[in-house]
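# Descriptive analysis of the structure
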Amino acid sequence: MAALMLGSTSCDKLTKAASSITEAVSDVASNGVKFSTTEGLNTIVKSLEKNNSEQFHIYGIRMIENDEFSGSTNDWSLELVDKNDQVYNQCFYADGRVGDLDTRMNSKISPRKWDSPYLTPDKINVEALVKALDEIKAMTPEGYTFKSISDINIESKEIRVYMRVTKDGEETVTNAGKTQQIYYEESYIINPETWEITEKN
């Protein structure tokens, strides 16, 4: 079993509450995109069509759940490289907005090159990925309860997945009047060619 993790503190939740108010005022989709489902992944994959593949190659897509155990996100990050081997991040949003290119990534330390293997919408097999995610959910150990697929990082050669589970009867810890959720996070590697799943602790 992976390392013990603690849920958000009260201060964290206050910060998230403030963020939620800001998001509600904006046009961001309130429920986000459930990225372990066919519908959710299709939404994310379709957004890749906005990328100018003649200028930028996509070598990674990262999606992380907004709130603990939600399995949903309002944004996902594309990791890009241009013809000069300069690397970038760019956020895409569930409401259709696209963020600015983040040029702070250091190309000198990045292994990514223009001619490295890269992603396009047609190279991502959503049906096979959802099936693999369902298999990972089914790997929840006896005595534990599956809570969410919390993080997916898609690259051309591997897909890294994180799953959160709670131990039955030990879901929270309390001290000095404060209660926090306790969960464990398991990580897996999916081979997108064979769809073999390997557990990584």
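Keep in mind that this is a model prediction, so the values were computed, not measured.

## Some thoughts on the overall build of the chain
Assigned secondary structure in the chain consists of three helices and eleven strands. The order of α-helices and β-strands along the chain, N terminus first, is β-α-β-α-β-β-β-β-α-β-β-β-β-β. Out of the 201 residues belonging to the chain, those deemed buried represent 38%. A fraction of 57% describes how many contacts in the chain between residues 6 or more apart in sequence connect residues 24 or more apart.

## Structural notes on the pairing of strand β10 (residues 178-190)
The sheet contact formed by strand β8 (residues 159-167) and β10 spans seven bridges and is antiparallel. Across the sheet, residue Arg164 finds its bridge partner in β10, namely Glu185. Bridge count for strand β9 (residues 172-175) against β10 is four bridges, and the pairing is antiparallel. Looking at β10, one finds that Thr172 is bridged to Gln181. Linking β9 to β10, which pair antiparallel, is a turn of two residues; within it Ala176 sits at a positive phi near 55°.

## Considering the nonpolar core
Inside soluble globular proteins, nonpolar side chains tend to come together where they are buried. Ile61, Met63 and Ile152 are the most contacted members of the largest nonpolar core, which has 35 residues in total. Within the residue set of this core, elements represented by two or more residues are α2 (38-47), β3 (56-64), β5 (75-82), β6 (87-93), α3 (126-137), β7 (144-154), β8 and β10. The leading source of residues in this core is α3, at six residues. For Ile61, the contacting residues outside a window of four places in its chain are Ile44, Leu48, Ser77, Leu78, Leu119, Ile124, Ile152, Asn153 and Ile154.

## So, the layout of surface pockets
In this model, the second largest pocket occupies a volume close to 160 Å³. Contributing to the lining of the second largest pocket are 13 residues, with Leu119, Lys123, Glu155, Ser156 and Pro192 lying nearest its centre. For the lining of the second largest pocket, the per-class residue count stands at nine nonpolar, two polar and two charged.

## A word on α2
Of the residues making up α2, those classed as buried are Gly40, Leu41, Ile44, Val45 and Ser47. The arc that holds every buried residue of α2, seen down its axis, measures 160°, which confines them to one face. Exposed and facing more than 90 degrees away from the buried side of α2 are Glu39 and Lys46. Summarising the contacts, the buried residues of α2 are in contact with β2 (33-34), β3, β5, β6 and α3.

## Section: the side chain of Glu185
Mapped onto the fold, Glu185 is located in strand β10. Looking at Glu185, its side chain comes within polar contact range of the side chain of Arg164, at 2.9 Å.

## A look at the packing of α2 against α3
Closest axis-to-axis distance for the α2/α3 pair is 10 Å, and the angle between their directions is 135°. Between α2 and α3, the crossing angle belongs to the class labelled oblique. Remark: the crossing between α2 and α3 carries right-handed chirality. The residues of α3 that touch α2, namely those facing Thr38, Leu41, Asn42 and Val45, are Val126, Leu129, Val130 and Leu133. Residue composition of the contact of α2 with α3, by class: six nonpolar, two polar and no charged.

## A look at the confidence of the model for the chain
Detailed reading of the predicted coordinates is not advisable wherever pLDDT falls low. Residue-level pLDDT values for the chain average 86, and 82% of them are 70 or greater. Put simply, helix α1 (residues 10-25) is where the chain has its lowest mean pLDDT, 40, and α3 is where it has its highest, 98. When the criterion is pLDDT under 50, residues 9-29 qualifies, and its contacts beyond four places in sequence or with other chains add up to 16 contacts.

## Notes on the side chain of Ser116
Mapped onto the secondary structure, Ser116 falls in the loop between β6 and α3. For Ser116, a relative accessible area of 19% corresponds to the buried category. At a separation of 2.9 Å, a polar atom in the side chain of Ser116 contacts the main-chain amide nitrogen of Lys113.

Parameters at a glance
- Residues numbered from 1 in each chain as written.
- Predicted model: local features only at pLDDT ≥ 70, side-chain atom pairs only at ≥ 80, totals over all residues.
- Heavy atoms only, no water.
- Helix = DSSP H or I, 4+ residues; strand = E, 2+ residues; numbered from the N terminus.
- Buried < 20%, exposed > 50% of the residue type's maximum accessible area, 1.4 Å probe, protein only.
- Contact = heavy atoms within 4.5 Å.
- Pairing = 2+ DSSP bridges.
- Core = buried A, V, L, I, M, F, W, Y, C linked by side-chain atoms within 4.5 Å.
- 1 Å grid on protein atoms, 1.4 Å probe; cavity = no way out; pocket = protein on both sides within 12 Å on 5 of 7 lines; lining within 4 Å.
- Points joined across faces, edges and corners; volume = space filled by probe spheres on them.
- Nonpolar A, V, L, I, M, F, W, Y, C, P; charged D, E, K, R; others polar.
- Arc of directions from axis to C-beta.
- Polar contact = N/O pair within 3.5 Å; in protein donor to acceptor, adjacent residues only side chain to side chain.
- Axes fitted to C-alpha atoms, helices over the stretch in contact; angles between N-to-C directions.
- Parallel < 35°, antiparallel > 145°, perpendicular 65-115°, else oblique.
- Left-handed = near helix turned anticlockwise from the far one by under 90°.
- pLDDT = per-residue confidence, 0-100.

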